[in-house]
Amino acid sequence: MPEDNTLANTRERFHIPDGVRYFDGNSLGLMPKVVQLHASNVITHEWGNGLISSWHSAEWRTLPQRAGAKLAALIGARPDEVVACDSTSVNLFKVLVSAVRLRPGRRKIVTDADAFPTDLYIVDQVARLFGLTVDAVPAKEIPSRLDDQVAAVVLTHVDYRSAEIYNMEEFTRATHDAGALIVWDLSHTAGAVPCDLDKSGADFAVGCGYKYLNGGPGAPAYLYVAARHVSACEQPLAGWFGHARPFDFAQKYAPAEGTDRFLCGTNPVIGLSVLSRALDIFEGVSIDDIRGKSLQLTQLFIDSADRQLATHGFVVASPRDPAIRGSHVSLRHTQGYAVMQELSRRKIIGDFRMPDYMRFGFAPLYNTEDEVHQLVDAIDGIMKERAWDKPEYQQRRDFT
Ligand SMILES: *Cc1c(COP(=O)(O)O)cnc(C)c1O
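Quick caveat, the model's predicted, so the values are computed rather than measured. (Residues numbered from 1 in each chain as written. Predicted model: local features only at pLDDT ≥ 70, side-chain atom pairs only at ≥ 80, totals over all residues. Heavy atoms only, no water.)

Before going further, it helps to spend a moment on empty space enclosed by the protein. If you walk through the whole model with that rule in mind, you get one cavity of 30 Å³ or more. Around the largest cavity sit Leu74, Gly191, Ala192, Val193, Pro194, Ile287 and Ile290, which together line it. Residues belonging to the lining of the largest cavity are distributed by class as follows: six nonpolar, one polar and no charged. (1 Å grid on protein atoms, 1.4 Å probe; cavity = no way out; pocket = protein on both sides within 12 Å on 5 of 7 lines; lining within 4 Å. Points joined across faces, edges and corners; volume = space filled by probe spheres on them. Nonpolar A, V, L, I, M, F, W, Y, C, P; charged D, E, K, R; others polar.)

Time to look at the UniProt feature "modified residue: N6-(pyridoxal phosphate)lysine" (unreviewed entry) in the chain. In the numbering used here, UniProt assigns the feature "modified residue: N6-(pyridoxal phosphate)lysine" (unreviewed entry) to Lys211. Take Lys211: it is sitting in the loop between strand S9 (204-207) and strand S10 (221-225). The class of Lys211 is buried, set by a relative accessible area of 8%. (UniProt positions renumbered as here; feature names shortened; annotations may be inferred. Helix = DSSP H or I, 4+ residues; strand = E, 2+ residues; numbered from the N terminus. Buried < 20%, exposed > 50% of the residue type's maximum accessible area, 1.4 Å probe, protein only.)

In any sheet, the strands associate via hydrogen bonds between backbone groups, in a parallel or an antiparallel arrangement. Spatially, four strands are ordered S11-S12-S15-S14 in an open sheet, and the strand pairing comes out antiparallel. Looking at which strands have only one partner, the edges of the open sheet turn out to be strand S11 (315-316) and strand S14 (351-353). With five bridges joining them, strand S12 (residues 328-332) and strand S15 (residues 357-361) adopt antiparallel strand pairing. Pairing of Leu331 across the sheet is with Met358, part of S15. Contacting S11, S12 and S15, helix H10 (residues 287-308) crosses the sheet at an angle of about 20 degrees to S12. (Pairing = 2+ DSSP bridges. Contact = heavy atoms within 4.5 Å. Axes fitted to C-alpha atoms, helices over the stretch in contact; angles between N-to-C directions.)

Within the secondary structure, His229 sits in helix H8 (residues 227-230). Sequence separation between His229 and Glu12 is 217 residues; the distance between their C-alpha atoms is 41 Å. Once you skip the residues sitting within four places of it in the chain, His229 turns out to touch Leu102, Leu181 and Asp203. At 2.7 Å, the side chain of His229 and the side chain of Asp203 are in polar contact. (Polar contact = N/O pair within 3.5 Å; in protein donor to acceptor, adjacent residues only side chain to side chain.)

Let's shift gears to the site of the ligand. Every residue near the ligand is listed here: Ser87, Thr88, Ser89, Phe116, Thr118, Asp119, Thr156, Asp185, Ser187, His188, Tyr210 and Lys211. Contact between the ligand and Thr88: an oxygen atom at 2.9 Å from a side-chain N or O atom of the residue. Within the complex, the protein chains bury 88% of what would otherwise be the 390 Å² of accessible surface of the ligand. Of all the elements in the fold, those that place two or more residues in the shell around the ligand are helix H4 (88-101) and helix H5 (117-130). Looking at the shell around the ligand residue by residue, the classes come out as two nonpolar, seven polar and three charged. (Near = heavy atom within 4 Å. Areas by Shrake-Rupley, 256 points an atom, 1.4 Å probe, with all protein chains shown as cover.)

Moving on to the domain arrangement of the chain. Each domain of the chain was delimited in the assignment, giving domain 1 (10-33 + 286-394) and domain 2 (59-282). On the domain 2 side, the residues contacting the 34 residues of domain 1 number 24 residues. Summed over both sides, the interface between domain 1 and domain 2 buries roughly 2200 Å², with carbon and sulfur atoms accounting for 65% of that surface. Our enumeration of links across domain 1 and domain 2 arrives at zero salt bridges. Viewed at the interface, domain 2 and domain 1 are joined by 13 residue pairs in polar contact (both at pLDDT 80 or more). Broken down by secondary-structure element, the contributors of at least two residues to the side of domain 1 that touches domain 2 are H10, S12 and S15. Tallying contributions element by element places H10 first for the side of domain 1 that touches domain 2, with four residues. Its residues assigned to classes, the side of domain 1 that touches domain 2 shows 17 nonpolar, twelve polar and five charged. (Domains from an automatic or database assignment. Buried area = accessible area lost by both parts, 1.4 Å probe. Salt bridge = Lys/Arg side-chain N within 4 Å of Asp/Glu carboxyl O.)

On to the packing of helix H11 (residues 336-345) against helix H12 (residues 369-384), then. One can describe the packing of H11 onto H12 by two numbers: an axis separation of 10 Å at closest approach and a directional angle of 120 degrees. As H11 runs across H12, the sense of the crossing is right-handed. Residue-level contacts link Val339, Glu342 and Leu343 of H11 to Leu375, Ala378, Ile379, Ile382 and Met383 of H12. Here the residues of the contact of H11 with H12 sort into seven nonpolar, no polar and one charged. (Left-handed = near helix turned anticlockwise from the far one by under 90°.)

In this section: unusual backbone geometry. In this structure, the amide linkage connecting Met354 to the following residue, Pro355, adopts the cis form with an omega of -5 degrees. Mapped onto the secondary structure, Pro355 falls in the loop between S14 and S15. Its identity is not glycine, yet Asn214 carries a phi of approximately 60 degrees, on the positive side. Along the chain, Asn214 falls in the loop between S9 and S10. Look at Asn214 and you get buried, because its relative accessible area is 3%.

Another aspect to go through is helix H6 (residues 168-177). Taken as a whole, H6 has its buried residues at Met168, Phe171, Thr172 and Thr175. Mapping the buried residues of H6 onto a view down its axis gives an arc of 100 degrees, with all of them on the same face. On the buried face of H6, the contacting elements are strand S7 (150-156), strand S8 (181-185) and helix H7 (197-200). Taking the backbone nitrogen of Glu169 as reference, a side-chain oxygen 3.0 Å away marks Asn167 as the first, capping residue of H6. Positive phi appears at Gly179, one or two residues downstream of H6, with a value of about 80 degrees. (Arc of directions from axis to C-beta.)

Below, the structure written as structure tokens:
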């Protein structure tokens, strides 16, 4: 990697357990070394010693906005259009209800039938609450389903199984042409794949903090609301942290100005603080370098898989066209589940998604070309030795 590449030293900032080759940054990012001491300081000093005064002295109140501003830089938003809070599922509920309320009288929500299931569950519940119908169709058919009855479209920018990128400008334009609003899920985008919410004219977005953003297990998620909509938004989880003056303890709700109104209850301070610190790794890192490295790693993996793994029956299930490929690559194989178990025994970590997707995430901040070669050689070896063929690998566990 050239010296002037802004990713030249980012790998060193992560803790990598001994002997582990990690290709699961799209599920749970590695731990940035700096958060260890940071979390300890937050717990010992801010909580342990500062106690309630830390709401002011350590600025606990503004953590959602401060983390949000760092996130905004990665997704093409203004700093005040993003807050970090809650989970992706909860944020989707809040922004989708807001979108539906901005389009009264319309009867439908259109979404991708193959979306990450939590998104589908939330869409269904919002539809039930408002008496709407859900049109869940393959993502590519969404534009042909849009008419003046559609209130909102919900679509994930980078598909969680195939890694296909859906064109943000085109889907947004088609949605707007029908007079509807669009909600983007950026869970597999932020930190690995460029996107420009403002330039694309997007209305709302949500995404999670623990994947390529390395915010830690169960890290707070985030949401984006285009500045032009926010003052008209009525979000349904109107809690006191979204109140204009929470410490007036008024009996009547009055929404805060701006994106702050999308907050609900007390900030999860420790999690937000860790996320915010983890995001500092992106400071000074160029999004073009992130994209370049991501494509270099996924292309190397696909080329090597074609050369070494196709003969064993592995099929590349991610786009070969780099322009529409996110930062993970899925291979399909009937013994995929067993192969992943054997890889894991060898400390090579990827993950598995039903029914037969072996998913390998290539995190631009820390994965290397060497690791890609080791991964492909390991899969090749497992097939040649039939090391996947063990009875215990046929037992499916809940989490892989
Ligand atoms: C990971 C992921 C989520 C996670 O939702 P949480 O509520 O934060 O657990 C949601 N949507 C997509 C597309 C994801 O990939």
